[in-house]
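Coordinate inspection notes
The residues making up each chain are set out below.
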Amino acid sequence: MPGSPNQIIRPEILALSAYHVPPASGMVKLDAMENPYSLPPELRDEIAQLVADAPINRYPDASAASLKASLRQALAIPDGMDIMLGNGSDEIIQIIALAFARPGAVLMSVEPAFVMFRMTAVFAGMKYAGVPLNADFSLDMDAMFAAIARHQPAVIFIAYPNNPTGNLFDSEAISRIIEAAPGVVVVDEAYHVFADASFMGKLAQYPNLLLMRTLSKLGLAGLRLGLLAGRPEWLIQLEKLRLPYNIGVVTQLIAEKVLQHHDVLMQQAAAIKAERAIMGERLEALNGIEVFPTDANFILFRVAREGDGNEANRVFLGLKERGILIKNLDGYHPLLKNCLRVTVGKPDENTKFLMALQASLNKSNN
Ligand code: PMP
């Protein structure tokens, strides 16, 4: 008799729940930090032609040399640093964890943070240590130093700005963490275009720093393209784990074409930032809501004081009934009690969200 999945599959995998992506058909989709804008029609036509002529009967360029050259330029990767591409930055997190998973090795991050850091540690068989943030979502430096000393983490992931809180941590504090870390620190700059702050300029200074970016939040989430920048001595090793054809022909062609029009993406990011400020003010003006500062393309807010029952769930369902999908973070971490996260959409989407939120709040106040 062959063994059942329960006997064969690793217990830590059996214990996991899969990353949940809710259905969004027909909804105003403000749950996943996507750029709501499409590309200009002329550029879309050029892409259509590129796709029509794409040699999809052939494997892609395994080294994606041409795309990498465009990325180096568009993202101003410093000379002397290598880059590695991933099928989304998710894949890069996984490659790092696979490479660093010596027996007993620890992957460290903060809590709350991007959930894939913890999940990927489990996938790769690493131990995970999550250090709680302060109540205002700043880094608890005493706790960070204590955890570094205790766990001697092989790798620390810090998202800058952080997801799901949206704030930028103090850059000096991150530098001190990099200096104290016995292993690598990966600064994940997924939301960089909305933040005007970066550790790219620190790569030369710190031999144990790696920097991750993605094109997802910039407007190309559907293409799946992330990148890691860092010293060749690290990237040569990580490249060994990258599956040879992880970036498809069509992704390479389209990403390169869109990068020739990087200014379009930057204008869209500027529009999102302007809309973020308006949306923040309008949220602040609602009664009974606490809005947290953000440097990303989303806003975290709390709908009731701690201990006030599950108000977030009521509001989340009220929004859903009205056709608006955001993210309910209640239950993810004690610091996120009654917290919801909304992505900044187009002005009309944001207005619909705010009206539906007002209606949902009124309903649950009754
Ligand atoms: N890092 C952070 C902080 C994120 O929030 C996300 C996506 N939500 C990712 C990485 C992964 O992005 P992608 O795989 O689309 O590049």
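It should be noted that the structure appears before, not after, this text.
Residues numbered from 1 in each chain as written. Predicted model: local features only at pLDDT ≥ 70, side-chain atom pairs only at ≥ 80, totals over all residues. Heavy atoms only, no water.

Another point: the side chain of Glu111. Checked against the element boundaries, Glu111 lands in strand 3 (residues 106-111). Within the buried set, Glu111 has no salt-bridge partner at all; the shortest N-O distance to an opposite charge, 4.4 Å, is to Arg118. Leave out the neighbours within four places in its chain, and Glu111 touches Arg118, Tyr128, Gly130, Val131, Pro132, Leu133, His333 and Leu335. (Helix = DSSP H or I, 4+ residues; strand = E, 2+ residues; numbered from the N terminus. Buried < 20%, exposed > 50% of the residue type's maximum accessible area, 1.4 Å probe, protein only. Lys, Arg positive; Asp, Glu negative; His and termini not counted. Salt bridge = Lys/Arg side-chain N within 4 Å of Asp/Glu carboxyl O. Contact = heavy atoms within 4.5 Å.)

Attention now goes to the pairing of strand 4 (residues 127-132). Bridging between strand 3 and strand 4 involves six bridges; their strand directions are parallel. Paired with Val110 across the bridge in strand 4 is Val131. For the crossover from strand 3 across helix 6 (residues 115-124) to strand 4, the handedness is right-handed. (Pairing = 2+ DSSP bridges. Right-handed = clockwise from strand over helix to strand, strands pointing away.)

On the basis of which strands lie adjacent, the open sheet formed by four strands has the order 9-10-13-12 and antiparallel pairing. Bordering the open sheet on either side are strand 9 (290-291) and strand 12 (327-328), each of which pairs with just one other strand. Across the sheet, helix 12 (residues 262-284) is in contact with strand 9, strand 10 (298-302) and strand 13 (339-343); its angle to strand 10 comes to roughly 10°. (Axes fitted to C-alpha atoms, helices over the stretch in contact; angles between N-to-C directions.)

Orientation of helix 7 (residues 141-151) relative to helix 8 (residues 171-180), taken along the N-to-C sense of each, is 15°, at an axis distance of 10 Å. The angle between the axes of helix 7 and helix 8 places the two elements in the roughly parallel class. Seen from above, helix 7 lies across helix 8 with right-handed handedness. The segment helix 7 lies against helix 8, with Met141, Met144, Phe145 and Ile148 engaging Ala173, Arg176, Ile177 and Ala180. (Parallel < 35°, antiparallel > 145°, perpendicular 65-115°, else oblique. Left-handed = near helix turned anticlockwise from the far one by under 90°.)

As a rule of thumb, non-glycine residues mostly have phi less than zero, and peptide bonds are mostly trans rather than cis. In this model, Glu111 is joined to Pro112 through a cis peptide bond whose omega is 0°. Considering the arrangement of structural elements, one finds Pro112 in the loop between strand 3 and helix 6. The linkage connecting Asn163 with the following residue, Pro164, adopts the cis geometry, with an omega of 15°. With respect to the helices and strands, the residue Pro164 is situated in the loop between strand 5 (155-159) and helix 8. Within the chain, Asn338 stands out as a residue other than glycine whose phi angle is a positive 60°. Within the element layout of this structure, Asn338 appears in the loop between strand 12 and strand 13.

In any sheet, the strands associate via hydrogen bonds between backbone groups, in a parallel or an antiparallel arrangement. Across the sheet, seven strands lie side by side as 2-8-7-6-5-3-4; this open sheet has mixed pairing. With partners counted over all chains shown, the strands left at the sheet margins are strand 2 (82-86) and strand 4, one partner each. The average angle at which neighbouring strand axes cross in this sheet is 25°, direction not considered. In the sheet, strand 6 (residues 184-188) pairs with strand 7 (residues 209-214) via four bridges, with the strands oriented parallel. Residue pairing across strands places Val187 opposite Leu211, the latter belonging to strand 7. Together, strand 2 and strand 8 (226-230) form the strand contacts of helix 4 (residues 65-74), whose direction differs from that of strand 2 by roughly 115°. Packed onto the sheet, helix 10 (residues 232-239) meets strand 2, strand 6, strand 7 and strand 8 and runs at close to 30° relative to strand 2.

So, on to the pairing of strand 6. The element strand 6 is extensively covered by neighbouring structure, given that five of its five residues are classed as buried. On strand 6, burial covers both faces: Val184, Val186 and Asp188 on one face and Val185 and Val187 on the other are all buried. One ladder, built from five bridges, connects strand 5 with strand 6; its direction is parallel. Note that in strand 6 the partner of Ala159 across the bridge is Asp188. With helix 8 bridging strand 5 and its parallel neighbour strand 6, the resulting β-α-β unit is right-handed.

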